[in-house]
Amino acid sequence: MQRTLALSLILFGLFITSSAITSTPATAAELITKKSPHTVSVTIDNLKKAVEKAGAKVFARVDHAAGAKKVGSKLRPTQMLMFGNPKLGTPAMLASQTAGLDLPLRVVAYKDKKGDVYLAYHAPATIAKTHGIPTDAEVIKKMTGALNKLTNAAIKK
C-alpha cells in the first residue's frame, strides 16, 4: 500500500511538473518597431551616420538578403547594423557579464510583405530582464534614450 501511494505521489508530481512546463508560454523579447519612409539601405545608411555622429562605433553591417542570394534563396531587403559604445556597454556588463550576449546593440531594417520598411530592435528593458539587470538602472535608461534618438534620426524625412 505504501509503495502504491509513493508511486502515485511520484506520478502526480511528474504530471504537475510537466503540466507547468507545457502550460507556460514562451515570451518573446519586446521589440520596438518604427516605420521608415526610406529604403532599407538608406535607413541603415542614416542609422550608421547617426551612430558615428554620436561617437559610437559601428562593428558590423550585415545584408541578410545578399546572404540569402548566395545560397540560392530570396529574402526581401533586410539589413542589420551592430554598434555600441563602451561608455554604455561596460556598465551593463559590469552589472551582468552575460549582457555581452546582447551587446553591442543591433538594429534591423527590413521590407515587409506590403513593401513597407521598418526598423526593429530589442527594448533595453527586455535585455536587462534577460540578464538580471534592474530595468530602472541608469545604463538601461541611457540605452533606451540613445536607441530612440538614433533610430528616430534614421527614419527622419
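The following refers to the structure shown. (Residues numbered from 1 in each chain as written. Predicted model: local features only at pLDDT ≥ 70, side-chain atom pairs only at ≥ 80, totals over all residues. Heavy atoms only, no water.)

## Some points on the sheet that holds strand β2 (residues 57-63)
For step 1, the next point in the chain: Read across the sheet, five strands follow the order β1-β5-β4-β3-β2 without closing on themselves; strand pairing throughout is antiparallel. The open sheet has two free edges, formed respectively by β1 (31-36) and β2, since each of these has just one partner strand. On average, each strand axis in the sheet is tilted by 20° relative to the strand beside it, whichever way the strands run.
For step 2, the next point in the chain: Judged from the six bridges that link them, strand β3 (residues 78-84) and strand β4 (residues 105-111) form a sheet pairing that is antiparallel. By the bridge assignment for β4, F83 is matched with L105.
For step 3, the next point in the chain: With respect to the sheet, helix α2 (residues 40-53) is in contact with β1, β2, β3, β4 and β5 (117-122), its orientation differing from that of β3 by roughly 5°. (Pairing = 2+ DSSP bridges. Helix = DSSP H or I, 4+ residues; strand = E, 2+ residues; numbered from the N terminus. Axes fitted to C-alpha atoms, helices over the stretch in contact; angles between N-to-C directions. Contact = heavy atoms within 4.5 Å.)

## Digging into the pairing of β3
For step 1, the next point in the chain: Burial analysis of β3 places six of its seven residues in the buried class, the great majority of the element.
For step 2, the next point in the chain: Bridge count between β2 and β3: six bridges; the pairing is antiparallel. If you follow A60 over to β3, its bridge partner there is M82. (Buried < 20%, exposed > 50% of the residue type's maximum accessible area, 1.4 Å probe, protein only.)

## Some remarks on the pattern of salt bridges
For step 1, the next point in the chain: Counted according to the given criterion, the structure contains four salt bridges.
For step 2, the next point in the chain: Ionic pairing is found between K35 and D116, a salt bridge with its closest N-O pair at 3.6 Å. Linking K35 in strand β1 with D116 in the loop between β4 and β5, this pair joins segments that are 81 residues apart in sequence.
For step 3, the next point in the chain: The class for D116 is partly exposed, based on a relative accessible area of 22%. (Salt bridge = Lys/Arg side-chain N within 4 Å of Asp/Glu carboxyl O.)

## Points about the environment of K53
For step 1, the next point in the chain: By the secondary structure assignment, K53 is in helix α2.
For step 2, the next point in the chain: The exposure class assigned to K53 is exposed, which follows from its relative accessible area of 77%.

## A short note on the packing of α2 against helix α6 (residues 138-155)
Two numbers describe a pair of packed helices, the interaxial angle and the distance between the axes.
For step 1, the next point in the chain: Where α2 meets α6, the closest approach of the two axes is 8 Å, and the angle between their N-to-C directions is 135°. Between α2 and α6, the angle falls in the class oblique. Where α2 crosses over α6, the handedness of that crossing is right-handed. For the pair formed by α2 and α6, the contact residues are T43, N46, L47, A50 and V51 on the first element and L150, T151, A153, A154 and I155 on the second. (Parallel < 35°, antiparallel > 145°, perpendicular 65-115°, else oblique. Left-handed = near helix turned anticlockwise from the far one by under 90°.)

## Focus: the nonpolar core
If you look at soluble globular proteins, the nonpolar side chains tend to sit buried side by side.
For step 1, the next point in the chain: By size, the foremost hydrophobic cluster in this structure holds 29 residues, and its most contacted members are L47, V51 and F83.
For step 2, the next point in the chain: Mapped onto this core, the elements with two or more residues apiece are α2, β3, β4, β5, α5 (124-130) and α6.
For step 3, the next point in the chain: Sorting elements by how many residues they give to this core places α6 first, with seven residues.
For step 4, the next point in the chain: With residues up to four places along the chain from it excluded, the contact list for L47 reads L81, F83, V107, L150, T151 and A154. (Core = buried A, V, L, I, M, F, W, Y, C linked by side-chain atoms within 4.5 Å.)

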